[in-house]
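Structural overview
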Amino acid sequence: MNPEIRVQQADFDVAVEYQRLAQASNCGAVVTFAGLVRELEDAELEAMTLEHYPGMTEQVLEDLVEQAQHRWQLGRVTLIHRVGRLTLNEQIVFVGVAAPHRQAAFAAAMFIMDYLKTQAPFWKQEHTIERSYWVAAKDSDKEAVQAWQGDV
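Now for a description of the structure that goes with this document.

Parameters at a glance
Residues numbered from 1 in each chain as written. Predicted model: local features only at pLDDT ≥ 70, side-chain atom pairs only at ≥ 80, totals over all residues. Heavy atoms only, no water. Pairing = 2+ DSSP bridges. Helix = DSSP H or I, 4+ residues; strand = E, 2+ residues; numbered from the N terminus. Axes fitted to C-alpha atoms, helices over the stretch in contact; angles between N-to-C directions. Phe/Tyr/Trp six-rings, centres within 6.5 Å; stacked < 30°, edge-to-face > 60°. Buried < 20%, exposed > 50% of the residue type's maximum accessible area, 1.4 Å probe, protein only.

1. Focus on the sheet that holds strand β8 (residues 132-135)
Pairing within the open sheet is antiparallel, and its four strands lie in the order β5-β3-β7-β8. Strands at the two margins of the open sheet, each flanked by one partner only, are β5 (84-86) and β8. Taking each pair of neighbouring strands and ignoring which way they run, the sheet shows an average axis angle of 25 degrees. Direction of pairing for strand β3 (residues 45-52) relative to strand β7 (residues 122-128): antiparallel, over a ladder of seven bridges. Directly across from Thr 49, in β7, lies its bridge partner Gln 125.

This is the structure we're talking about:
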């Protein structure tokens, strides 16, 4: 089944996306994840700006979902990532996976999110009261991907 992959400025409706995923009649599980803009630990965040490389970004996301589909038996998959300027508590990303069984749905959603954080060509700039700066991938995100590489 073809995944739904979108990179967009507009917000998304989690309930609508869930309903689309739940339409797969052979699936007994739907797992969703929505990532939000959150306050920083060491500074007061005003906003963040997410940029991407059009065309390349969508291809990388398609490849990630395809890898998940090869690892697990999945039904529908939806991956939405927002770009542009976002403020506190706004939605950034949605990953939704329908699968015949919950284990595959949970694992595939985590796999997609872990790889997205390190592989997809998105650039994040955080804007605090004091300054703006570009954010590098976290070591914890890289470690999450390494864990999947040992799980073949």
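Now that the structure is up, let's keep going.
2. Some thoughts on the packing of aromatic side chains
If you walk through the whole model with that rule in mind, you get five aromatic pairs. Measuring from ring centre to ring centre gives 5.4 Å for Trp 72 and Phe 111, while their planes differ by 70 degrees; the resulting arrangement is edge-to-face. With Trp 72 in the loop between α2 (56-71) and β4 (77-82) and Phe 111 in helix α3 (residues 102-119), this residue pair connects regions lying 39 residues apart in the sequence. Grouping residues by exposure puts Trp 72 and Phe 111 together as buried. Arranged with centres 5.7 Å apart and planes meeting at 85 degrees, the rings of Trp 72 and Trp 148 form a pair that is edge-to-face. Of the two residues, Trp 72 sits in the loop between α2 and β4 while Trp 148 sits in helix α4 (residues 139-149), which places them 76 residues apart along the sequence. Classification of Trp 72 as buried rests on a relative accessible area of 17%. One aromatic cluster in this structure is built from Trp 72, Phe 111, Tyr 115 and Trp 148.

Function cannot be inferred from these measures alone, as they are strictly geometric.
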